[in-house]
Amino acid sequence: MVRTDEMPGGSRPSRRPPLLNLAGLAFTLALVGACSPSNSKPTPRALPELARAEDLNPDPKIFEVNLVAQVAGVEYLPGKPTKAWTYNGTVPGPLVEARVGDELLVHFRNELPEPTTIHWHGLRVPAAMDGTVAMQQPIPSGGSFEYRFVLKDAGLYWFHPHVRSDEQVERGLYGVILVRGDSEPELGAERVLVLDDVLLNSDGSLVDSSQMGSMMEMTGRQGNVLLANGVPDAVLDLKPGERVRLRVVNTANARYFNLTFGGRPMTLVGVDGGLLERPRQLERILLTPGERIDVLLQANGQAGEVLELMNAPYERGHDTGFEQQRPVLRLKLLEGSAVATEVPASLRQVPPLSGPTQLRRFVLTEEMGGHAGHGSMVPIFKINGEAFPNITSVQSTLNAVEEWEIVNDTEMDHPFHLHGFFFQVTSAGGVTETERAWKDTVNVRGKSNLKFLVRFDDHPGTWMYHCHILEHAERGMMGELVVGP
Ligand code: C2O
Ligand code: CU
Ligand code: CU
C-alpha cells in the first residue's frame with residue numbers, strides 16, 4: 001500500500017516519550033516555516049533518467065565534456081521553483097558514462113558567485129587533479145580549469161566541490177561517473193539512483209544555513225525532503241518477477257539512508273570500489289554520505305502492487321533516529337511478467353592486502369567552542385586533537401601498506417573517507433570483517449573503532465581524509481596524508 005501522509009516532511013513525532021526527544025524538538029523548531037507533511041500531497045513522478053554528459057571527442061579513448069557550475073532554477077517540489085547551484089543546469093548534474101582506460105577531459109568553468117573546485121570522489125586520479133585545496137588553488141568566480149585523468153577502475157563514482165562543501169553540495173553541486181569494466185558479469189537492467197535530501201522552506205527555497213538550528217550545527221544538515229534523482233516520490237515501473245540493478249550513491253550532507261525493502265532480501269553486489277567477491281543477501285543496507293552500493297531488487301508480487309524501498313529510522317547520535325520511515329523509491333508492478341536470470345555466485349576477485357609496515361591511529365573528537373556567523377557557539381570536530389586547517393600532515397611513502405585504526409570517541413557516527421586510495425576494512429567495533437571489498441568511505445559508529453588496510457600504490461601527492469558529514473569536515477574533521485616517493 002502506498003501511504004499518502006508521509007511526504008515530504010521530516011519532523012513527525014517519535015514514539016518515545018516527548019520529554020526525552022529534545023533533538024526532535026530542536027529539529028521541529030528549526031523547521032518552522034519549512035514545508036510540512038500536512039500541506040503537501042505527494043506527486044508521484046517517474047524516476048528521472050539523469051541528464052547525460054555528451055562526449056565531444058571522436059577518439060573512443062577520450063571522453064571530453066564541458067562542465068559549467070551555474071545557478072539555475074530546479075523543481076524539487078512541483079510548481080515551487082528552487083534556486084539551486086548546478087553542474088550544467090540540472091540536479092543531479094550530468095552523468096558521465098565511460099570505460100576503464102578512457103581518459104576523461106573536463107573543461108570546467110565556474111559561473112558561481114564564489115570560488116569552487118571539483119573533487120572526483122573515489123576515482124584514483126593524480127593528486128593534482130583531485131580538486132582539494134591541498135593541491136589546487138580554488139577556481140575563482142568566472143575562472144576555468146581543465147581536469148584530465150584516466151579512469152582506472154570500474155564502479156560508480158561521483159563528483160562535487162571541495163570548497164565550502166557543506167554549502168555547495170547542499171545547493172545541488174554533484175554528479176555521477178559510471179565506469180564500465182571489460183569483463184563484468186551481466187546483471188540485468190540497471191538504473192543509477194542518486195539519493196539526497198534537501199532542507200526546504202514551504203515556498204521551495206533552500207533553508208539558509210544560518211537558520212538551520214543549533215542541533216544541525218552538531219549533526220549536520222538533515223533535509224525534510226528526500227530526493228531520488230532530484231525528485232521526491234519517485235516511482236519505477238517494473239513487471240512482476242523483474243529484477244532491477246540499482247547503482248546508488250548517497251550525496252546528502254549528513255543523512256544516513258538506512259534502506260529496507262519491506263522485509264524482502266536485497267542482493268548487494270558492489271560497493272564504493274566496484275563489485276564484491278560474491279553477492280550478499282541483506283534485509284537492511286546502511287548507506288552513509290559519500291558511499292555507493294550496487295544492489296539488485298527483485299519485484300516479486302502481483303500486477304498493481306507497489307513495493308517500497310524505504311529509508312528506515314537510524315540513530316547516529318544526538319537523537320537523530322526519531323524520523324518515521326519514508327519511501328525513497330516505489331516500484332510499481334505493471335501487467336505482465338518477467339523471469340530474472342541467475343546471479344553468478346562469484347563476481348570477481350578482491351586480492352587481500354597484508355603485511356602493514358605502519359600502524360596509525362586517528363582519534364575523532366568533538367567539542368563546543370567554535371563561533372558561527374550568528375554569534376552562537378558551534379561544535380568543532382577534531383582528528384588527533386587537531387582541527388583542519390591547523391593540522392600536522394601524516395607522512396607516508398609510495399607503495400607502503402598501512403593499517404589505520406579510526407577511534408571514534410564521540411557519541412555520533414562519522415563516515416570516514418580517504419581520497420586517492422581504496423582500502424579494505426578488517427574489523428569494525430571489534431568484529432573481524434570476513435568479506436573483502438574495496439572501500440573509500442566507511443561508517444565508524446559512535447564510541448567504537450574500525451580498522452582498515454590500505455596500500456599507497458602509484459599516487460604520490462597530498463590527499464585528504466575526512467568525515468563525509470560535510471558540516472563536520474568543514475568544522476575541522478579533516479586531515480592530510482602526504483605520500484612521498
Ligand atoms: Cu566526497 Cu573529500 O570527498
Ligand atoms: Cu573524496
Ligand atoms: Cu562526522
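For the structure, see preceding data.
This write-up is about the structure you can find in this document. (Residues numbered from 1 in each chain as written. Chains lettered and ligands numbered in written order. Predicted model: local features only at pLDDT ≥ 70, side-chain atom pairs only at ≥ 80, totals over all residues. Heavy atoms only, no water.)

Focus: the overall build of the protein chain
(1) Moving on: Along the protein chain, the regular secondary structure elements total 4 helices and 31 strands.
(2) Moving on: Over its C-alpha atoms the protein chain spans a radius of gyration of 21 Å, differing by no more than 12% from the 23 Å that the globule rule assigns to 485 residues.
(3) Moving on: Dimensions along the principal axes, computed over C-alpha positions, put the protein chain at roughly 60 × 55 × 50 Å.
(4) Moving on: Within the protein chain, buried positions represent 59% of all 485 residues.
(5) Moving on: About 18800 Å² of surface is accessible on the protein chain, with carbon and sulfur atoms providing 52% of the total. (Helix = DSSP H or I, 4+ residues; strand = E, 2+ residues; numbered from the N terminus. Rg over C-alpha atoms; globule rule 2.2 N^0.38 Å. Buried < 20%, exposed > 50% of the residue type's maximum accessible area, 1.4 Å probe, protein only. Areas by Shrake-Rupley, 256 points an atom, 1.4 Å probe, with all protein chains shown as cover.)

Topic: the coordination of the copper ion (ligand 3)
(1) Moving on: Within the protein, His414 (ND1), Cys467 (SG) and His472 (ND1) serve as the donor atoms for the copper ion (ligand 3), at 2.0 to 2.1 Å.
(2) Moving on: For the copper ion (ligand 3), the single-chain donor residues occur in sequence as H-x52-C-x4-H. Separated by 58 residues along the polypeptide, His414 in strand β25 (residues 414-418) and His472 in helix α4 (residues 470-474) bring together distant segments of the chain.
(3) Moving on: Take His414: its relative accessible area is 1%, and that puts it in the buried class. (Donors = N, O, S within 2.8 Å, 3.2 Å for Na, K, Ca; no water.)

Focus on the coordination of the copper ion (ligand 2)
(1) Moving on: Coordination of the copper ion (ligand 2) by the protein involves His119 (NE2) and His417 (NE2), with metal-donor separations of 1.9 Å. One end of the pair, His119, is in strand β6 (residues 119-121); the other, His417, is in strand β25, with 298 residues separating them in the sequence. Both residues of the pair, His119 and His417, belong to the buried class.

Some thoughts on the sheet that holds strand β10 (residues 190-198)
(1) Moving on: Pairing within the open sheet is mixed, and its 6 strands lie in the order β11-β10-β13-β18-β15-β16. With partners counted over all chains shown, the strands left at the sheet margins are β11 (225-228) and β16 (274-282), one partner each. Between one strand axis and the next, the sheet turns through 25° on average, direction left out of account.
(2) Moving on: Of the strand pairs in this sheet, β10 and strand β13 (residues 243-250) are connected by 6 bridges, and their pairing is parallel. Bridged to Val194 within β13 is Val249. (Pairing = 2+ DSSP bridges. Axes fitted to C-alpha atoms, helices over the stretch in contact; angles between N-to-C directions.)

Some details on unusual backbone geometry
Among all residues save glycine, negative phi is the norm, and among peptide bonds the norm is trans.
(1) Moving on: In this structure, the amide linkage connecting Val91 to the following residue, Pro92, adopts the cis form with an omega of -5°.
(2) Moving on: The omega torsion across Phe388 and Pro389 is 5°, close enough to zero to call that bond cis.
(3) Moving on: Along the chain, Pro389 falls in the loop between β22 (377-383) and β23 (394-397).
(4) Moving on: The backbone of Asn229 shows a phi angle near 50°, a positive value even though the residue is not glycine.
(5) Moving on: Take Asn229: it is sitting in the loop between β11 and β12 (234-238).
(6) Moving on: Given a relative accessible area of 4%, Asn229 falls into the buried group.
(7) Moving on: Phi angles above zero are rare outside glycine, and Asp458 is one such case at about 25°.
(8) Moving on: Along the polypeptide, Asp458 turns up in the loop between β29 (448-455) and β30 (461-467).

What to know about the pairing of strand β18 (residues 292-298)
Regular strands have side chains that alternate between both faces of the sheet.
(1) Moving on: Taking burial as the measure, the 7 residues of β18 include 6 buried ones, the bulk of the element.
(2) Moving on: By the bridge criterion, 7 bridges tie β13 to β18 in an arrangement that is antiparallel. Within the sheet, the bridge partner assigned to Arg243 lies in β18 and is Gln298.
(3) Moving on: As defined by bridge partners, strand β15 (residues 266-271) adjoins β18 across 3 bridges and the pair is classed as antiparallel. Paired with Gly270 across the bridge in β18 is Asp294.

A look at the sheet that holds β6
(1) Moving on: Sheet architecture is open: 4 strands sit in the order β4-β9-β8-β6, paired in mixed fashion. The open sheet has two edge strands with one neighbour each: β4 (96-99) and β6. Neighbour-to-neighbour, the strand axes of the sheet open up by a mean angle of 25°, direction not taken into account.
(2) Moving on: Relative to strand β9 (residues 175-180), strand β8 (residues 155-160) is paired through 5 bridges, and the arrangement is antiparallel. Residue Tyr157 lies in a different strand from β9, and its bridge partner there is Ile177.

That is the geometry; function is a separate question.
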